[in-house]
Amino acid sequence: GENVEQHPSTLSVQEGDSAVIKCTYSDSASNYFPWYKQELGKRPQLIIDIRSNVGEKKDQRIAVTLNKTAKHFSLHITETQPEDSAVYFCAASRRNTPLVFGKGTRLSVIA
Amino acid sequence: DAMVIQNPRYQVTQFGKPVTLSCSQTLNHNVMYWYQQKSSQAPKLLFHYYDKDFNNEADTPDNFQSRRPNTSFCFLDIRSPGLGDAAMYLCATSVGPLGTDTQYFGPGTRLTVL
């Protein structure tokens, strides 16, 4: 089955700097890669996703890149703000299989 | 407007006393999921329904059961809660098929076992 590794487990950045979180996956048939943000005590919320027919996707300060050959994908947050502080989960799946989540990255943005 | 609703938000039960958590959705999605999330960990899938088809994860304990009486509602029954079952329980929905689209999570029910 699919296995998703996520790094780093914790990340601290200064406000205004960029943050990068990386994930690798094992199943070459996986074709859907969402990123979820979970603030303390709240539900996970989708912030961006990418499918295997696209190499990069951007939404304002957030971007995701996918390298299918290397089986890894990354989340990039630019101009970080204190409200970006949260736990971020990557995930991977293919049709008819459930999402497999990474273990999460706790991002702290220091003002 | 709330799309995935979970009740109650907080549930306290005694060791061994059955408890039922509920989830409802206004999205008319085909797939409904139940996840268990412990502190600082990723959500762990317990089971999911694709319409009426029930799918149990291999490592979900028998102590956990689920019912989906109609498209909108899904229930999680914990027959004999143990201290290790204290966690946040998250319901989620998606249009489907499985693995192809966004999952929308409810706010969760935090279960405490005394």
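Note: the structure precedes this text.
Since the model is a prediction, treat every value here as computed from it, not as a measurement.

Attention shifts here to the state of the cysteines. What is meant by a disulfide is a covalent connection between two cysteines, made through their sulfur atoms. According to the stated counting rule, one finds two disulfides over all chains in the structure shown. With a sulfur-sulfur separation of 1.9 Å, cysteine 23 of chain A is cross-linked through a disulfide to cysteine 90 of chain A. Between cysteine 23 of chain A and cysteine 90 of chain A, the S-S torsion sits near -100°, and that sign places the bridge as left-handed. A residue pair is termed long-range when its members are at least 10 positions apart, and cysteine 23 of chain A in strand β3 (residues 19–25) and cysteine 90 of chain A in strand β9 (residues 86–92) qualify at 67 residues. Residues cysteine 23 of chain A and cysteine 90 of chain A agree in their burial class; the two are buried. The disulfide that involves cysteine 23 of chain B links it to cysteine 91 of chain B, with 2.0 Å between the sulfurs. Measuring handedness by torsion sign, the sulfur bridge of cysteine 23 of chain B and cysteine 91 of chain B sits at about -70° and is left-handed. Here cysteine 23 of chain B, found in strand β3 (residues 19–25), pairs with cysteine 91 of chain B, found in strand β9 (residues 87–94); they are 68 residues apart in sequence, far enough to count as distant. For cysteine 23 of chain B, a relative accessible area of 1% gives the class buried.

Our next topic: the pairing of strand β6 (residues 56–59) of chain A. Residue and element names in this part refer to chain A. Bridge count between β6 and strand β7 (residues 62–67): four bridges; the pairing is antiparallel. Its bridge partner lying in β7, lysine 57 is registered against valine 64. Between β6 and β7, which pair antiparallel and follow one another directly, the connecting turn spans two residues, one of which, glutamine 60, has a positive phi of 55°.

Attention shifts here to the interface of chain A and chain B. At the junction of the two partners, chain A supplies 20 residues and chain B supplies 20 residues. Of all residues in chain A, the largest losses of buried area upon contact with chain B belong to Arg43, Pro98 and Phe101 of chain A, amounting jointly to 30% of the total for that side. Where chain A meets chain B, there are zero salt bridges. Where chain A packs against chain B, one counts eight residue pairs in polar contact (both at pLDDT 80 or more). At the level of secondary structure, the elements contributing two or more residues to the side of chain A that touches chain B comprise β4 (32–38) and β5 (45–51) of chain A. Partitioning the side of chain A that touches chain B into residue classes produces eight nonpolar, five polar and seven charged.

All names here are of chain A. Strands sit in the order β1-β3-β8-β7-β6 across an open sheet of five strands; the sheet is antiparallel. The outermost strands of the open sheet, each flanked by one partner alone, are β1 (4–7) and β6. When strand polarity is set aside, the average angle formed by the axes of neighbouring strands in this sheet is 15°.

Cut-offs used in this document
- Residues numbered from 1 in each chain as written.
- Chains lettered and ligands numbered in written order.
- Predicted model: local features only at pLDDT ≥ 70, side-chain atom pairs only at ≥ 80, totals over all residues.
- Heavy atoms only, no water.
- Disulfide = S-S within 2.5 Å.
- Helix = DSSP H or I, 4+ residues; strand = E, 2+ residues; numbered from the N terminus.
- Buried < 20%, exposed > 50% of the residue type's maximum accessible area, 1.4 Å probe, protein only.
- Pairing = 2+ DSSP bridges.
- Contact = heavy atoms within 4.5 Å.
- Buried area = accessible area lost by both parts, 1.4 Å probe.
- Salt bridge = Lys/Arg side-chain N within 4 Å of Asp/Glu carboxyl O.
- Polar contact = N/O pair within 3.5 Å; in protein donor to acceptor, adjacent residues only side chain to side chain.
- Nonpolar A, V, L, I, M, F, W, Y, C, P; charged D, E, K, R; others polar.
- Axes fitted to C-alpha atoms, helices over the stretch in contact; angles between N-to-C directions.

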